[in-house]
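Descriptive structure summary
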Protein chains: 2
Amino acid sequence: MGEHSAHSAMPALIAFDADDTLWENEIYFETAKDRFKDLLASDCDPAWTERELYETEMRNLSHFGYGIKGFTLSMVETALDLTKGAVTGQQIRQILDYGKEMLQMPIEPLPHVEEVLAHLSRTCPLMLLTKGDLFDQEAKIARSGLADHFTHIEIVSEKNEGTYAALLQRHGIQPADFCMVGNSLKSDILPVVALGGHAVYVPYYTTWLHERVEPSEAERQRYHQISHLGELPRLLAERVC
Amino acid sequence: MGEHSAHSAMPALIAFDADDTLWENEIYFETAKDRFKDLLASDCDPAWTERELYETEMRNLSHFGYGIKGFTLSMVETALDLTKGAVTGQQIRQILDYGKEMLQMPIEPLPHVEEVLAHLSRTCPLMLLTKGDLFDQEAKIARSGLADHFTHIEIVSEKNEGTYAALLQRHGIQPADFCMVGNSLKSDILPVVALGGHAVYVPYYTTWLHERVEPSEAERQRYHQISHLGELPRLLAERVC
């Protein structure tokens with residue numbers, strides 16, 4: 001980020017992704033998938049079930065968007081497909097229960113999150129910027145107890161260059177004054193650096209297959225990577241971003 | 001609205017509800033419900049099915065919020081309940097298909113909508129303000145072809161006094177300079193007049209049971225009612241709102 005290294009101030013706005021950046025999320029999907037594979041294990045090889053479920057999810061993404069309700073409907077559809085309609089009512093009810101349990105998953109901030117947000121919010125406006133189901137995300141933000149640290153909360157259906165450009169314009173922020181922090185290269189990092197913004201990548205130990213991308217070497221030069229959110233204040237204080 | 005009748009200008013912002021105000025929506029839910037009742041007719045009296053489905057929807061509202069995906073999941077759950085788990089895979093697949101067909105429903109503007117929006121947008125900023133599933137609503141707005149008439153598009157998970165107050169504050173608009181147009185007394189009209197804003201009620205021929213309220217005589221005095229959107233420009237031009 002050489003061209004920005006002379007900046008002498010904090011960004012005008014720091015935005016944080018939520019799922020798997022501020023709190024755990026993907027782990028609950030993984031757990032539900034494991035239970036779903038077990039549920040169908042007498043009909044179907046678990047690896048095959050996993051592949052079919054992913055293909056159903058991808059096929060349904062344009063109808064359902066992201067979120068637990070669409071995922072639950074995709075599990076029901078996959079069970080029908082894999083059993084050729086012979087799935088039992090008991091199994092369908094189990095699938096609905098997996099979905100409802102996910103909707104009530106505990107929202108525990110990841111390590112360092114609360115103190116870092118409390119610290120940074122004293123010197124810079126913070127935005128929570130998440131994609132997914134509006135109702136689910138609002139409920140999770142409320143349950144997280146973190147909402148008060150944020151000046152702005154934005155929930156969008158997709159995070160791409162167009163979304164970020166529109167958002168920055170609406171808030172009157174130049175890309176060079178914006179810093180995005182998140183765990184998805186595809187949704188949080190690459191579209192922001194493509195616009196000329198700053199981005200801090202905080203990898204989570206697992207990433208949903210749909211979000212996995214391999215950045216080019218040139219792209220790697222344009223964002224920072226930290227191993228946990230506790231490292232963010234020092235990175236910002238060193239004004240490298 | 002006597003206290004506002006001396007106003008000599010258009011509102012600073014006119015907001016429109018979308019579903020059943022700008023385009024048909026409830027009819028697609030009604031059609032899906034009829035097909036669902038037929039699907040289970042050999043197991044269950046249709047009136048009983050309808051009541052059970054409504055109760056399931058209400059029980060699930062706090063988990064699912066509004067929208068087609070949650071409605072589809074509630075149909076699946078109701079079918080399981082009513083058949084004591086004996087629902088067939090074929091029936092479950094039919095229910096998923098009802099949901100997917102709803103997600104692709106045509107979005108045809110209701111009579112007068114296009115010309116009224118085109119006309120009003122020349123003199124006043126317009127907002128599209130709808131509640132429901134973010135992904136569904138964005139897709140419907142895109143399919144409607146109406147997005148360009150709106151300066152602002154806001155999708156919220158619930159429309160109540162708190163939502164309206166926060167929205168107006170964010171846009172720097174006083175309630176007295178705001179006019180909301182919609183078909184739901186509960187969501188579009190009563191919370192706005194409670195805040196001191198203006199509201200124009202455009203009843204649609206059917207209203208979802210959950211949205212039905214009976215306004216008091218005092219409340220009736222505080223909003224305008226028109227029979228279709230074509231009457232809105234004259235109402236605004238007469239500066240009664």
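Residue numbering note: each chain is counted from 1, following its sequence as written. Written order decides the labels, with chains lettered from A and ligands numbered from 1. Given that the model is predicted, a residue must reach a pLDDT of at least 70 before its local features are reported, and side-chain atom pairs must reach 80 or more before they are shown or counted; all residues, however, enter totals for whole chains, interfaces and linings.

**Things to note about the pairing of strand β1 (residues 13-16) of chain B**
All names here are of chain B. Burial of β1 is two-sided: the residues L13 and A15 facing one way and the residues I14 and F16 facing the other way are all buried. Think of it this way: DSSP has to see at least two bridges between two strands before they count as a pair. By definition, any uninterrupted DSSP run of H or I lasting at least four residues is a helix, any uninterrupted run of E lasting at least two residues is a strand, and each is numbered from the N terminus. Both β1 and strand β4 (residues 178-182) contribute to a ladder of four bridges, which runs parallel. The residue bridging L13 from the neighbouring strand is F178, located in β4. Sheet topology places β1 next to strand β2 (residues 126-131); three bridges connect them, and they run parallel. Bridge pairing links F16 to L128 in β2. Exposure in this text rests on C-beta crowding, where 20 or more other C-beta atoms within 10 Å of a residue's own make it buried, 12 or fewer make it exposed, and counts in between make it partly exposed. The C-beta atoms are placed from the backbone.

**Thoughts on the relation of the copies chain B and chain A**
When chain B is brought onto chain A, the operation consists of a screw motion whose angular component is 180° and whose axial shift is 0.0 Å, with 0.0 Å RMSD remaining. Both copies are brought into coincidence by an operation consistent with a two-fold rotation axis. Relative to the rotation axis, the C-alpha of L134(B) is the closest in chain B, positioned 2.8 Å from it. The atoms used to superpose the copies are C-alpha atoms, taken from residues with pLDDT of at least 70 in both, and the fit is least squares.

**Remarks on the interface of chain B and chain A**
Tallying the contact residues gives 27 residues for chain B and 27 residues for chain A. Only Asp, Glu, Lys and Arg are considered charged, only Ala, Val, Leu, Ile, Met, Phe, Trp, Tyr, Cys and Pro nonpolar, and every remaining residue, Gly among them, polar. Split by residue class, the side of chain B that touches chain A holds 12 nonpolar, nine polar and six charged. Distance between backbone-placed C-beta atoms decides contact: two residues are in contact if it is within 7 Å.

**Details of the domain arrangement of chain A**
Residues and elements named next belong to chain A. Delimitation of the domains relies on an automatic or database domain assignment. Domain boundaries in chain A define domain 1 (2-24 + 108-237) and domain 2 (27-103). Taken together, the contact pairs eight residues of domain 1 with nine residues of domain 2. In terms of residue class, the side of domain 1 that touches domain 2 is built from one nonpolar, three polar and four charged.

**Some remarks on the nonpolar core**
As a rule of thumb, nonpolar side chains are buried together in soluble globular proteins. Residues of type Ala, Val, Leu, Ile, Met, Phe, Trp, Tyr and Cys that are buried and joined through C-beta atoms within 7 Å form what is called a nonpolar core. If you look at the biggest cluster of nonpolar residues, it comprises 42 residues, and the most contacted ones within it are F36(A), M75(A), V76(A), F36(B), M75(B) and V76(B). Setting aside residues no more than four positions away along its own chain, F36(A) makes contact with T49(A), L53(A), M75(A), I95(A) and Y98(A).

**Regarding the sheet that holds strand β6 (residues 224-225) of chain A**
All names here are of chain A. One open sheet accounts for six strands, arranged β3-β2-β1-β4-β5-β6; its pairing is parallel. The open sheet has two free edges, formed respectively by β3 (152-156) and β6, since each of these has just one partner strand. Every axis in this analysis is a line fitted to C-alpha atoms, fitted for helices over the stretch in contact. Angles between the N-to-C directions lie between 0 and 180 degrees. Those strands touched by helix α6 (residues 134-144) are β2 (126-131) and β3, and its axis lies near 150° from that of β3.

**Examining the packing of helix α2 (residues 46-64) of chain A against helix α3 (residues 68-82) of chain A**
Residues and elements named next belong to chain A. Two elements in contact, α2 and α3, have axes whose closest approach is 9 Å; the angle formed by their N-to-C orientations is 130°. Comparing their axes, α3 and α2 come out oblique. Relative to α3, the crossing made by α2 is right-handed. Facing α2, whose interface residues are T49, E52, L53, T56, E57, N60 and F64, α3 presents G70, F71, L73, S74, M75, E77, T78, D81 and L82. Of the residues belonging to the contact of α2 with α3, the class tally is six nonpolar, six polar and four charged. Oblique is the label for every angle not falling under 35 degrees (roughly parallel), over 145 degrees (roughly antiparallel), or within 65 to 115 degrees (roughly perpendicular). With the far helix as reference, a near helix turned anticlockwise by less than a right angle produces a left-handed crossing, and one turned clockwise produces a right-handed crossing.

**A word on the sheet that holds strand β5 (residues 198-201) of chain B**
Within a sheet, each strand pairs with its neighbour through backbone hydrogen bonds, oriented either parallel or antiparallel. Residue and element names in this part refer to chain B. Strand order in the open sheet formed by six strands is β3-β2-β1-β4-β5-β6, and the pairing between neighbours is parallel. Unpaired on one side and paired on the other, β3 (152-156) and β6 (224-225) mark the two borders of the sheet. Contacts between helix α6 (residues 134-144) and the sheet are confined to β2 and β3, with β3 contributing the most and set at about 150° to the helix.

**Re α2(A)**
We define the bend at any residue as the angle between the axes fitted to the seven residues before and including it, ending there, and the seven starting there. Of all the bends in α2(A), the greatest, near 30°, is centred on M58(A). All of the buried residues in α2(A) are T49(A), L53(A), T56(A), E57(A), N60(A) and F64(A). Of the surrounding elements, those touching the buried residues of α2(A) are α1 (26-39) and α3 of chain A together with α3 (68-82) and α6 of chain B.

**A few points about the pairing of strand β4 (residues 178-182) of chain A**
All names here are of chain A. The element β4 is extensively covered by neighbouring structure, given that five of its five residues are classed as buried. Across the two faces of β4 the burial is the same, with F178, M180 and G182 and C179 and V181 all buried. Pairing geometry for β4 and strand β5 (residues 198-201), over four bridges, is parallel. Looking at the pairing, G182 lines up with Y201 of β5. Handedness of a crossover: with both strands directed away from the viewer, a clockwise path from the first strand across the helix to the second marks it as right-handed. In this fold, β4 hands off to helix α8 (residues 185-194), which returns the chain to β5; that crossover is right-handed.

**Describing the environment of A147(A)**
Residues and elements named next belong to chain A. Of note, A147 is situated in the loop between α6 and β3. For the pair A147 and G132, spaced 15 residues apart in the sequence, the C-alpha separation amounts to 17 Å. Excluding residues within four positions of it along the chain, A147 makes contact with I141, A142 and I153.

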